[in-house]
Amino acid sequence: MQILTPHVYWAQRHGEIYLRVELSDAKNLDISLLENNTLQFRAQGHGAKGDNEYEFSLEFLRPVRSEINHKSTQRQVDIKIKKQEEHWWDRLTLQEKKPLFLAPDFDRWLDESDAEMELQAKEEEKINRISVESRVRKDPYLGLKKGYLFMYNLVQFLGFSWVFVNMTVRLFILGQDSFYDTFHTTADMMYFCQMMAMLEVINPLLGLVKTGFFPAMIQVTGRNVILFVIFGSLEEMQNKPVVFFVFYLWSTIEIFRYPFYMLACIGTDWKLLTWLRYSLWIPLYPLGVIAEAVAVIQSLPIFDETRLFSFPLPAVLGHSLSFSYSLQLYLVLMFLGLFINFRHLYKQRRRRYRSRKRKVH
């Protein structure tokens, strides 16, 4: 194998030297800076004369720093070297006569005046960025707000995790029998979590989160109607299997949603968790609404029979108006809320992954 010299192209800025070595599929790279300010390059690869060993050396006009950054691609080897002092060089090498293998890199070539304009533009951009950042008023309570949101999401995550694990373990041990006592074993924790969830309606109003007020209010109000009115006030509903499905679907959604918000509070993004948070609701949210609708439909004859929460009417019109009529109207509003929240969540998902694609490109 012969030792040959590759074609090398160069360009400069006030503080850096760029070298492009025309050597594809380079391997066994050895790039070093010798004591006499000379760059030594050795590698094997495919150059102008086929597969061979290639090497060259360049003694620079002025001192450069010892750190050498290089990147090898299938087509070439790119080398970036920082000058010891930011100064425009009249030529690259100490010897006045340019080596035969060396040529200007016109893709990156700038005259001194052009380089000064580029440098000035970068300085102006840096000054403008600092000016904009200085005008943005920092929130002195930002740490306190993030701490509060982190703790809230942590507490909710632990609560719904307890419900989810409890129901899962009982399902494996008892099978279908666990359906009938779900309310009595998990209701207290579910009560606590749903009362805490009222803060999700308050947080947007206080400006603590950017989530819309109405989607949060629709979800929290809808769940509380099912939990406190349908299940909590009717003992006949508490032993029905529908309670299991409602609670299980709720907790499955939340054990991924709350950890996502916890990590967001500390500026951390876990890709798998992010995907689950923005994708799992697609099948689970409609299933949850269907389970809630089944619970409402099963409660209608019970409210008619017990007359619980009935509206008193004048004697001319009758004794009272059954609460079941309100629940029938609520069923219509429930599916309207499903449409509103589904649209809101879909927009969030599309916005999230669109912004990530922009960052990648």
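Just so it is clear, the structure is predicted and the values come from calculations on it, not from any experiment. (Residues numbered from 1 in each chain as written. Predicted model: local features only at pLDDT ≥ 70, side-chain atom pairs only at ≥ 80, totals over all residues. Heavy atoms only, no water.)

A.B. asks: Looking at this model, I keep getting lost on helix α6 (residues 242-265). Mind explaining?
C.D. replies: At 3.6 residues per turn, the α-helix brings residues three or four places apart onto the same side. Counted at 1.5 Å a residue, the expected span for α6 with its 24 residues is 34 Å, and the 35 Å between its end C-alpha atoms agrees. Where α6 bends most, the angle comes to about 25°, and this point is E254. Counting buried positions along α6 gives 18 out of 24 residues, so the element sits mostly inside the fold. At the exit of α6 stands G267, carrying a positive phi of roughly 70°. (Helix = DSSP H or I, 4+ residues; strand = E, 2+ residues; numbered from the N terminus. Expected span 1.5 Å × (residues − 1). Bend = angle between axes of the 7 residues up to and from the residue. Buried < 20%, exposed > 50% of the residue type's maximum accessible area, 1.4 Å probe, protein only.)

A.B. asks: Would you explain the pairing of strand β6 (residues 50-59) in this entry?
C.D. replies: Each regular strand shows side chains that alternate between the opposite faces of the sheet. Direction of pairing for strand β1 (residues 3-4) relative to β6: parallel, over a ladder of two bridges. In the sheet register, L4 faces β6, and the bridge partner there is Y54. In this structure, strand β5 (residues 38-47) lies alongside β6, joined through 10 bridges in antiparallel fashion. Its bridge partner being in β6, F41 is matched across the sheet by F56. Turn length for the β5-β6 hairpin, with the two strands adjacent in sequence and antiparallel, is two residues. (Pairing = 2+ DSSP bridges.)

A.B. asks: Sorry if this is basic, but what is going on with the pattern of salt bridges here?
C.D. replies: Oppositely charged side chains are able to pair whenever their charged atoms sit close together. Using the criterion set out here, one finds nine salt bridges in the structure. Notably, a salt bridge pairs R20 with E22, separated by 2.5 Å at the nearest N-O pair. What makes R20 buried here is its relative accessible area of 15%. The closest approach of N and O atoms between D105 and R20, which form a salt bridge, is 3.1 Å. A residue pair is termed long-range when its members are at least 10 positions apart, and D105 in the loop between β9 (102-104) and α1 (112-135) and R20 in strand β3 (residues 16-21) qualify at 85 residues. Comparing D105 with R20, the two get one shared label, buried. One network of salt bridges, with partners in common, ties together E200, R223, E254 and R257. (Salt bridge = Lys/Arg side-chain N within 4 Å of Asp/Glu carboxyl O.)

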